[in-house]
Amino acid sequence: MSLVRRATTEDAEEVLRLRQVMIDALPGGDVSTGWHTEALPSLRGRLGEADGDFAAFVVDHPDRPGALAALVVGTVDYRIGKAGNPHGLAGYVFSVATDPDARRRGYARACMDELLAWFRERGAGQVMLTASPEAEPLYVSLGFVPKPDPTMILKL
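Residues numbered from 1 in each chain as written. Predicted model: local features only at pLDDT ≥ 70, side-chain atom pairs only at ≥ 80, totals over all residues. Heavy atoms only, no water.

### As for unusual backbone geometry
Non-glycine residue Ser95 carries a positive phi angle of around 55°. Relative to the helices and strands, Ser95 resides in strand S4 (residues 89–98). Given a relative accessible area of 4%, Ser95 falls into the buried group. (Helix = DSSP H or I, 4+ residues; strand = E, 2+ residues; numbered from the N terminus. Buried < 20%, exposed > 50% of the residue type's maximum accessible area, 1.4 Å probe, protein only.)

Following this line, the structure appears as structure tokens:
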């Protein structure tokens, strides 16, 4: 039996906690948590959509009942097709996090394997993510390749 399961609405607070673990580890990450209360209803709604374009896969913490040890989240987006992805479905991975006291046990890899299978089931022709230097070896071992990308962002 797999350690990994699909996150449910009951996991929403723990999903946000692990997302904050990831944010806190980013250079320049915003350590504030006041936004969690406002984000919870939307997250619960998305976690409740079994057949939607959003999925989170988790591992329960082996030493803390009710807590999560690891998390990966992804979405499937439509973009106009192109060579190598004519249907235009693209997966995007975000919020990959492992609780600090549960690291180095293969949980993130197991969650990623489930998320990649979910992307394949939905017909995604490619999967994108942003890798931290610490996580890059995991993603390379899963077949991801670095891509020079002039990504820009505008906050609205």
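Having seen it, we continue.
### Points about the sheet that holds strand S5 (residues 126–128)
Taken in spatial order, the five strands line up as S1-S2-S3-S4-S5 in an open sheet, and their pairing is mixed. The open sheet is flanked by strand S1 (4–6) and S5, the only strands paired with a single partner. Strand-to-strand twist in this sheet, taken as the mean axis angle between neighbours without regard to direction, amounts to 25°. Here strand S3 (residues 68–78) runs beside S4; their pairing, made up of eight bridges, is antiparallel. Bridge pairing links Ala70 to Thr98 in S4. Lying over the sheet, helix H1 (residues 12–25) contacts S3 and S4, oriented at roughly 90° with respect to S3. Strands S1, strand S2 (54–60), S3, S4 and S5 of the sheet are contacted by helix H3 (residues 107–121), whose axis makes an angle of about 25° with S3. (Pairing = 2+ DSSP bridges. Axes fitted to C-alpha atoms, helices over the stretch in contact; angles between N-to-C directions. Contact = heavy atoms within 4.5 Å.)

### Here we look at the nonpolar core
Among the nonpolar cores identified, the biggest contains 25 residues, and Met112, Phe119 and Tyr139 are the most heavily contacted of them. When contributions to this core are tallied by element, the ones reaching two or more residues are S2, S3, S4, H3 and helix H4 (136–141). For this core, the leading source of residues is H3, giving eight residues. Ala7, Leu18, Leu43 and Phe54 belong to the second largest nonpolar core, which has 18 residues in total. (Core = buried A, V, L, I, M, F, W, Y, C linked by side-chain atoms within 4.5 Å.)

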